[in-house]
Amino acid sequence: MAGAAGHGAGPAAAGGDGDDSLYPIAVLIDELRNEDVQPPLESLATVEETVVRDRAVESLRQISQEHTPIALEAHFVPLVKRLASGDWFTSRTSACGLFSVCYPRASNAVKAEIRQHFRSLCSDDTPMVRRAAASKLGEFAKVLELDSVNTEIVPLFTNLASDEQDSVRLLAVEACVSIAQLLSQDDLEALVMPTLRQAAEDKSWRVRYMVADKFSELQKAVGPKITLNDLIPAFQNLLKDCEAEVRAAAAHKVKELCENLPIEGRETIIMNQILPYIKELVSDTNQHVKSALASVIMGLSTILGKENTIEHLLPLFLAQLKDECPEVRLNIISNLDCVNEVIGIRQLSQSLLPAIVELAEDAKWRVRLAIIEYMPLLAGQLGVEFFDEKLNSLCMAWLVDHVYAIREAATNNLMKLVQKFGTEWAQNTIVPKVLVMANDPNYLHRMTTLFCINALSETCGQEITTKQMLPIVLKMAGDQVANVRFNVAKSLQKIGPILDTNALQGEVKPVLQKLGQDEDMDVKYFAQEAISVVAQRLRKLDFPVKDSEMPSAPGAEKNHFLRPRVPGEDTGKGPAHQLYVNTRDTLAQPEIAELVHLSQSRD
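Anyway, here's the lowdown on the structure attached to this text. (Residues numbered from 1 in each chain as written. Predicted model: local features only at pLDDT ≥ 70, side-chain atom pairs only at ≥ 80, totals over all residues. Heavy atoms only, no water.)

### Side note on the packing of helix H5 (residues 69–84) against helix H8 (residues 108–122)
Then comes step 1: At a minimum axis separation of 10 Å, H5 and H8 run at an interaxial angle of 20 degrees. On the basis of their axis angle, the class for H5 and H8 is roughly parallel. Between H5 and H8 the crossing geometry is left-handed. Across the interface between the two elements, Glu73, Val77, Lys81 and Ala84 from H5 touch Val110, Glu113, His117 and Leu121 from H8.
Then comes step 2: For the contact of H5 with H8, the class distribution of residues is four nonpolar, one polar and three charged. (Axes fitted to C-alpha atoms, helices over the stretch in contact; angles between N-to-C directions. Helix = DSSP H or I, 4+ residues; strand = E, 2+ residues; numbered from the N terminus. Parallel < 35°, antiparallel > 145°, perpendicular 65-115°, else oblique. Left-handed = near helix turned anticlockwise from the far one by under 90°. Contact = heavy atoms within 4.5 Å. Nonpolar A, V, L, I, M, F, W, Y, C, P; charged D, E, K, R; others polar.)

Written as structure tokens, this is what we have:
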């Protein structure tokens, strides 16, 4: 009983009823009440959850900066030592992140102890601890004396870079960047480069990937001489690695590698030692590799100059522009401005634009669709004058494509072009051509006119919409095809918020009222929806609206199609009718009849 009483009087009493499972929480609460914040952080730095440990270590790193050198050695360094010699690997991994913050202000004797603890962790039996030590090796090296870097850090780097676990070896590669920046060229060549060469040919693709990913930083750290003698051959091997992930990582670094080469002799090195490998990657079997190369290859034109670009790079750009992978094509089109600056717009148009035009007229509609999506980007690269001369007619041709998805994409494309080139350009160049289509014999093309007006009205603004577009929409209200007429009602609803009161009251409302009496039930329905929107707009503008001009009240069966349908209302129409309404925008009448027949047969 005495034992139980003693136990209840301790921290576990906070858990109630002597629940032992809550004892650690109660202890933590007591520690948090302590004025010294380090004990609870020390406990949190040993827990299993990685996120909690990392946050605890980060807090301890910040606290260390507030200590005086004396207080640091008296309180913080002992904490680090306790963590470094803890029984659980979690505490030892946390300790790895604390050595670099306490080392610079410690005395020489304490510095020796800190280095000894770090050496022990680098050879720890647990791979997770060695990983943590490898990840902090470069950071720790930066605060050490140069002699200690040569005598202690380099051997640790060599051992970690040959660790049995590839997860440790790849982190050693990252540390190599920091270590290389600290050493002289002679020491670098003798002490570090043999290990780095070994890493570039490591049996694990993850290690080779890390070398490729850090290549630009390694190049800057080791300097031009070692780059030419050691890194260029290693880079060649990475570009032809058996693993696609490694090739892709190396391909991403092609431009940076070339830019960082010494200007003297750079062109020769690229042409003789890099370009042959690039040519092979253009036709690589992996799309990620080709895409990675396409994202940077255009930048080589500014390095190699006009003649080399025309002779050697343009054929590669052309092949990538015709690649089956959309991302490869996009990356080439996205960077045309790099080539434009070097060879000029005329040369560019003679070499690459024919391929773009060819793709824009491809028999496969998905290929055409991809080019449409790139067009605003391409237009921005080439400028308005060149666009009008070479590509404007192509964009207009897409509006009458036989595939609805192409016509829809072409409509959105026009809107983006207007946003890029401005309303004046739209008024003079695009709007007149769009409005001419209102007289096209094909009703699908006349409907496309309405879709274009819907897309352009907001971008073009009130004046252009009212003076140029609205008259055409109103005229099309008398079209003989019901599909066109109910799309007129939808267009008037769409552009209504842009128009002023006079246009709404004097021009739009009479036409909608007439459409509201149309013989086609869907024309009536969409006209009535538009009338509701226009009436709300007029109310906001404080324009009087008569009750007789409002939609009929629910329940007036004779005007069933003269009012908006209430969500969930039983209209007496089955799935066939809804299918009919949804498809009339895009399908011809025979196709609709067949779909309705099939739907009714299932009801």
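This is not the end of the story, as more comes after the structure.
### So, the state of the cysteines
Then comes step 1: Within this structure, the stated rule accounts for zero disulfides.
Then comes step 2: Cys122 supplies the cysteine sulfur nearest to Cys96, a cysteine that is in no disulfide, at a spacing of 7.1 Å. (Disulfide = S-S within 2.5 Å.)

### Observations concerning helix H25 (residues 353–360)
Then comes step 1: All buried positions along H25 are accounted for by Leu353, Ala355, Ile356, Leu359 and Ala360. The arc enclosing the buried residues of H25, seen along the axis, measures out at 155 degrees, which places them on a common side. (Buried < 20%, exposed > 50% of the residue type's maximum accessible area, 1.4 Å probe, protein only. Arc of directions from axis to C-beta.)

### Re the packing of helix H29 (residues 404–421) against helix H30 (residues 423–436)
Then comes step 1: It is at 8 Å that the axes of H29 and H30 come closest, and there the two elements cross at 155 degrees. Overall, the two elements H29 and H30 adopt an arrangement that is roughly antiparallel. Read as a crossing pair, H29 and H30 show a hand that is right-handed. Of H30, the residues touching H29 (which contributes Leu414, Leu417, Val418 and Phe421) are Thr423, Trp425, Ala426, Ile430 and Val434.
Then comes step 2: Grouping the amino acids of the contact of H29 with H30 by side-chain chemistry returns eight nonpolar, one polar and no charged.

### A few points about the nonpolar core
Nonpolar side chains in soluble globular proteins tend to end up buried together.
Then comes step 1: Ranked by size, the top nonpolar core spans 195 residues in total, and within it Trp398 and Leu492 carry the most contacts.
Then comes step 2: In this structure, Trp398 is in contact with Ala360, Ile371, Ile372, Met375, Ile406, Arg407, Ala410 and Asn413, ignoring residues within four places of it in sequence. (Core = buried A, V, L, I, M, F, W, Y, C linked by side-chain atoms within 4.5 Å.)

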